Amino acid sequence: MSVRFDHVSKRFGDVEALVDFTLDVADGEFMVLLGPSGCGKTTALRILAGLEEPTAGAVTIAGRDVTDLPPRQRDVAMVFQNYALYPHMSVYDNIAFGLRMRRIPRREIDRTVREAAATLAIADVLARKPGALSGGQRQRVALARAMVRRPRAFLMDEPLSNLDAKLRAQTRVELIRLHRQLQTTVVYVTHDQVEAMTMGHRIAVLERGRLQQVGEPREIYERPANLFVAEFIGSPSMSFFRGPLRQTDGGGAVVDVPHLPFALDPAQAAAARGAGWAEVVVGVRPEHIVLAEDFGERYAAATFEADIDVVESLGNELHVSLISQGRGMVARLPAGAPVAAGEARRFAVARGHLLLFEPEHGTRLG
Amino acid sequence: MSEETMAGRRVGSPRARAIRQTVAAAPFLLPSLVLFAVFVFYPLVRSIWLGFHATDPFGRNEVWVGTAQYHDVLTSSDFRHSLLVSGQFALYTVIPATAIGLYLALLSHRRLPGIVIFRTIFSSTVATSVAVSSVVWLLMLNPSVGVLNYVLGKGGVPTESWLTSPTWALPAVAMTTVWMNIGFATIVILAGLQNIPEELYESARVDGAGRWSEFLHVTLPGLSPTLLFVSVVGVIFAFESFGQIQILTQGGPLDATNVIVYSIYREAFLHYNIGLASAQAVVLFVIVLLLTLLQFGVARRWVFYQ
Amino acid sequence: MTRQSAGRAALRLLGWLPLYALLAASAAVVMFPLYMTVVDSLQPIAKFLTFPPDFWPHTPVWSNYRAAMTSIPMPRYMANSLIMATVITVGEVVTAALAAYAFSFMRFPFRTPLFFLFLSTMMVPWEISIIPNFQTIQRLNWLDTYQGLTVPFLATAFGTFLLRQHFMSLPRELKDAADIDGYGDLRFLLSVVVPLSRAALATLAVFAFLQAWNQYLWPLLVTNDPNMRTVQIGIASLQSEEVQRTNVVLAGTILALLPMLALVIAFQRFLVRGLTAGALKG
């Protein structure tokens, strides 16, 4: 079912945990709330679940205002970061717990529990207590418990954060598959951008209680609404350079970063001129910094000399920390690129991939 | 309407929420609150009130007498004597019981084969009541056939008729109480020891601490809240002691063991002087309260909460 | 276990020998008064006139125990104590669990001041309330009744405090999950909190039972009818009535003590563990 936050705010004493938050989640959509810890994403989720009352605003599920309803009347299911399994109950009872409250016939409950357990491959541990399960199994029990309720929406609060890296990657895939099969709305909270990018139909980025941007993963990555989103999304992070905007002959424009001027494309130059900004911040993704020798100068927005500080090899690629004129930045180079720490090399920034931001408010040009 | 929605509608007024929460919590809290009101708070007020009233020898016909009875209590040498006896009794019981409890707990703290048996023995006196321990010790303290005098006699120490000697009666009663209380002290201190994180010991050991400095810098600070608890409870217990006095000495000889509660009991339930007894109780309450606050005040300097 | 490690274990045990000696000596001292009581409760009365005291009952006189059971209505006293202690224990655990639940899982106005109000009752010693409480019970016509013996003790701040400390250590998400599953507060308390707090509940129950069974002053005040006296008062009256038969008095004392001793032995681990869950901090 569709979910809507309508100008929701929440204060805890003096702390504004959520400020005028408005978001529409379509029926069947997988919506990810993404942000650093303390950004308000969990508060938003808890308000949607009814575990927290908003200070102002309304929450609707399937078009119905549920703001004043207790959690049990909202018909949502939640998967918690620590799974919140009842440690004294068997896996079976944990999964059945929510159903028993709803006066569902025993045989029906049994069938539903076993079906969910089969889907999630935990049928063989139904008699065990959560303490005897591995982290991954516990995670599945938590999922099964949510699933059997056939809720109008799944709310998930960092459900993968307690798993090790390999299991997390596996479970991501399973969650995507599960969602495709169930077609139920999911609101998923995480601080992990990989989870957000891989699973979300759309991502809502929050920071300090405020919604920064909502959009599809690709859109958020390629056209971040502001400096915060630009810096938060992408790993390694974007590098930023600030300088005055200067017109050049022939209608072009240059961001005049000392010792590192960036030439803008004509379209971008025109837009920057139109906005009337005196200074801009240039954002460059690591994959757009390349070795100059591999690259035709005319495709470059800038070229510069840099010292190679650290080279981290990930097997399939290298993350290279550079220092140029006292400024640090990170480049992402293919594995086997001829670089070594301590060397000085010439690098280029690929043209057409610059992002421009207004320095004071951080809004992106375009 | 539209403007209100735009600005964000205020949900369920705080007042309505407060009422709803109160209604939900009331069934959980009322049983305790009602009992406290009737059997703790009302008696507190009532005792103060009774202290301002005198009664006839049948405990009836309360007459307002102002602060006269409080004045009597505070100036009475008998009361001051009782206060002194209670104070001494607290001193004689709390310090030894805490020290012995600490010793027994430290002794049986380590995980060794069969240690549970010793822990059980050390904590066993928690099962005894004042009546039981009094009867047990009455025999031990018997001047002519008691074991204590037998042992002392063997050791060449002069024997005593413990419970009838004005000098020794109070220490003797205190001894029975110490024995009765070491079980509780041991249990609580054992629990306190188990609350000290193992890493603290490990890090002390890595830093090269010996047994003694480990005790001084890890065990004792970690145990300080527990020791405070044991001593606060011990002082309160000591001032509440009654049964051992009634069974062993009836306040004698020569009022040497006439602790305050025994004096209150005699005043109220043998002489039916309810007003005066209440005034004594109120004064005692204030003293215990001050003592407790004092203990917490002193403790603030050396008690470390994790 | 290999032969070598078995040898090493034996060696380690040998190293602990001094500690064991100390433990045994301390245990002997602690147990000695009770041991002597048991010994003397089995002696014939003539032995009490002889000096030095005997440390072993060479001819155990079991009839002392029969005499203790019959010279006062001991079974009746035992039953009274059992009823009183059971009612108080159940009452304390129930009221404390309810209040502790509210203080740890519910939100309501004045929660913190109310909690301090609860704690403040620990500061009001029993002696100040004893006269008014006696009058209250008298006015209610509850003298010589089980209500009179039990009702004033059905709620405790200590129990509330102990259980709250334990409840607070349970993961908050369990409550959230139960909220979403639609379990109300009472259901959540009964089906999740209580099963997860067995150690703390057992500790509270054992202490409450011990304390109730061992009460002296209050039962002395509110009971006159021999049919309503408790075992503690029984021992004291036995002691004053059977001046000539100390061995019978001691037998009665052992009878009163045995159930509590059994309780402490059975729950020894619980007593310590139940207090360890941070109960004494703060």
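Definitions and cut-offs
- Residues numbered from 1 in each chain as written.
- Chains lettered and ligands numbered in written order.
- Predicted model: local features only at pLDDT ≥ 70, side-chain atom pairs only at ≥ 80, totals over all residues.
- Heavy atoms only, no water.
- Helix = DSSP H or I, 4+ residues; strand = E, 2+ residues; numbered from the N terminus.
- Rg over C-alpha atoms; globule rule 2.2 N^0.38 Å.
- Buried < 20%, exposed > 50% of the residue type's maximum accessible area, 1.4 Å probe, protein only.
- Contact = heavy atoms within 4.5 Å.
- Areas by Shrake-Rupley, 256 points an atom, 1.4 Å probe, with all protein chains shown as cover.
- Lys, Arg positive; Asp, Glu negative; His and termini not counted.
- Charge placed at Lys NZ, Arg CZ, Asp CG, Glu CD.
- Buried area = accessible area lost by both parts, 1.4 Å probe.
- Salt bridge = Lys/Arg side-chain N within 4 Å of Asp/Glu carboxyl O.
- Polar contact = N/O pair within 3.5 Å; in protein donor to acceptor, adjacent residues only side chain to side chain.
- Nonpolar A, V, L, I, M, F, W, Y, C, P; charged D, E, K, R; others polar.
- Domains from an automatic or database assignment.
- 1 Å grid on protein atoms, 1.4 Å probe; cavity = no way out; pocket = protein on both sides within 12 Å on 5 of 7 lines; lining within 4 Å.
- Points joined across faces, edges and corners; volume = space filled by probe spheres on them.
- Arc of directions from axis to C-beta.
- Phe/Tyr/Trp six-rings, centres within 6.5 Å; stacked < 30°, edge-to-face > 60°.
- Lys NZ or Arg CZ within 6 Å of the ring centre and 35° of its normal.
- Pairing = 2+ DSSP bridges.

Caption draft 1: Expanded view of the overall build of chain B. Of the regular secondary structure elements, chain B holds 13 helices and two strands. Scaling as 2.2 N^0.38, a compact globule of 306 residues should have a C-alpha radius of gyration of about 19 Å, whereas chain B reaches 26 Å, well beyond that. Structurally, chain B occupies a C-alpha span of about 100 × 70 × 30 Å along its principal axes. Taking all 306 residues of chain B together, 52% fall into the buried category. Of all intrachain contacts in chain B linking residues separated by at least 6 positions in sequence, the fraction that spans at least 24 positions is 66%. Approximately 14200 Å² of chain B is accessible, and the part contributed by carbon and sulfur atoms is 67%. Computing the positive centroid from 17 side-chain charges and the negative centroid from 15, chain B places the two 7 Å apart.

Caption draft 2: Expanded view of the interface of chain B and chain C. With 94 residues of chain B at the contact, the number on the chain C side is 96 residues. In this assembly, chain B packs against chain C so that about 8100 Å² is buried in total across both faces, 79% of it on carbon and sulfur atoms. If you look at where chain B meets chain C, you find zero salt bridges. Where chain B packs against chain C, one counts 13 residue pairs in polar contact (both at pLDDT 80 or more). Among the residues forming the side of chain B that touches chain C, the class breakdown is 69 nonpolar, 21 polar and four charged.

Caption draft 3: Structural context of the domain arrangement of chain B. Residue and element names in this part refer to chain B. Split by domain assignment, chain B resolves into domain 1 (3-51) and domain 2 (71-299). On a C-alpha basis, the centres of domain 1 and domain 2 stand 39 Å from each other. With five residues of domain 1 in contact, the opposing surface of domain 2 contributes six residues. Viewed at the interface, domain 2 and domain 1 are joined by zero salt bridges. Counting the contacts that link domain 1 with domain 2 gives zero residue pairs in polar contact (both at pLDDT 80 or more). Its residues assigned to classes, the side of domain 1 that touches domain 2 shows three nonpolar, two polar and no charged.

Caption draft 4: Structural view of empty space enclosed by the protein. In the structure shown here, the tally under the stated rule is six cavities of 30 Å³ or more. Within this model, the largest cavity holds a volume of roughly 110 Å³. Residue lining of the largest cavity: Leu139, Val145 and Val147 of chain B together with Met36, Asp40, Gln43, Lys47, Phe48, Thr50, Pro53 and Asp54 of chain C, and that is the complete set. Classifying every residue of the lining of the largest cavity by side-chain character gives six nonpolar, two polar and three charged.

Caption draft 5: Representation of helix α7 (residues 147-154) of chain B in the model. Within α7 of chain B the residues assigned to the buried category are Val147, Asn149 and Tyr150 of chain B. What you see down the axis of α7 of chain B is that its buried residues fit within an arc of 165°, all on one side. Residues of α7 of chain B that are buried in the fold lie against α6 (130-140) of chain B together with α2 (17-41) of chain C. Two residues or fewer after α7 of chain B comes glycine 156 of chain B, characterised by a positive phi angle close to 80°.

Caption draft 6: Main features of unusual backbone geometry. Residues and elements named next belong to chain A. Backbone torsion omega between serine 235 and proline 236 reads -5°, so that peptide bond is classified as cis. Among the secondary structure elements, proline 236 is positioned in the loop between α8 (227-232) and β11 (239-247). If you check the backbone angles, histidine 7 has positive phi at about 50° while not being a glycine. Owing to a relative accessible area of 15%, histidine 7 belongs among the buried residues under this scheme. Its identity is not glycine, yet glutamate 158 carries a phi of approximately 45°, on the positive side. In this fold, glutamate 158 is placed in the loop between β7 (153-157) and α5 (165-182). Judged by relative accessible area, glutamate 158 falls into the buried class, the value being 8%.

Caption draft 7: Region of the structure containing the packing of aromatic side chains. Scanning the model with the defined rule gives 37 aromatic pairs over all chains in all. Both rings, one in phenylalanine 242 of chain B and one in tyrosine 265 of chain B, keep their centres 4.6 Å apart while their planes meet at 65°; by these two values the pair is edge-to-face. You can see phenylalanine 242 of chain B sitting in the loop between α10 (211-240) and α11 (243-248) and its partner tyrosine 265 of chain B sitting in helix α12 (residues 260-270), a full 23 residues away along the chain. A residue is classified by how much of its surface remains accessible, and phenylalanine 242 of chain B, at 3% relative accessible area, is buried. Judged by relative accessible area, tyrosine 265 of chain B falls into the buried class, the value being 11%. Aromatic rings pair up to connect Phe36 of chain B together with Phe103, Phe108, Phe115, Phe116, Phe118 and Phe161 of chain C into one cluster. Over the ring of tyrosine 86 of chain A we find arginine 145 of chain A; its NZ or CZ atom is 5.2 Å from the centre of that ring. Note that arginine 285 of chain A overlies the ring of tyrosine 221 of chain A, its terminal NZ or CZ placed 3.9 Å from the centroid.

Caption draft 8: Structural context of the pairing of strand β4 (residues 56-61) of chain A. Residues and elements named next belong to chain A. With six of six residues buried, β4 lies mostly within the body of the structure. Bridge analysis of strand β1 (residues 3-12) against β4 gives five bridges, and the strand direction is antiparallel. By the bridge assignment for β4, valine 3 is matched with isoleucine 61. Where β4 and strand β5 (residues 64-65) come together, two bridges link them in antiparallel fashion. Bridge pairing in β5 places isoleucine 61 opposite arginine 64. Hairpin geometry of β4 and β5 is characterised by an intervening segment of two residues between the two adjacent antiparallel strands and by a positive phi of about 55° at alanine 62.

Caption draft 9: Broad picture of the domain arrangement of chain A. All names here are of chain A. As far as domains go, chain A holds domain 1 (3-232) and domain 2 (239-357). Inter-centroid distance (C-alpha atoms) of domain 1 to domain 2 is 39 Å. Counting residues at the interface gives seven residues for domain 1, matched by six residues for domain 2. Here domain 1 meets domain 2 over a buried area of about 620 Å², counting both sides, of which 65% is carbon and sulfur. Of all residues in domain 1, Tyr221, Leu227 and Ala230 bury the most surface against domain 2, accounting for 71% of the area lost on that side. If you look at where domain 1 meets domain 2, you find zero salt bridges. Where domain 1 meets domain 2, there are two residue pairs in polar contact (both at pLDDT 80 or more). In terms of residue count, the dominant contributor to the side of domain 1 that touches domain 2 is α8 (three residues). Its residues assigned to classes, the side of domain 1 that touches domain 2 shows four nonpolar, one polar and two charged.

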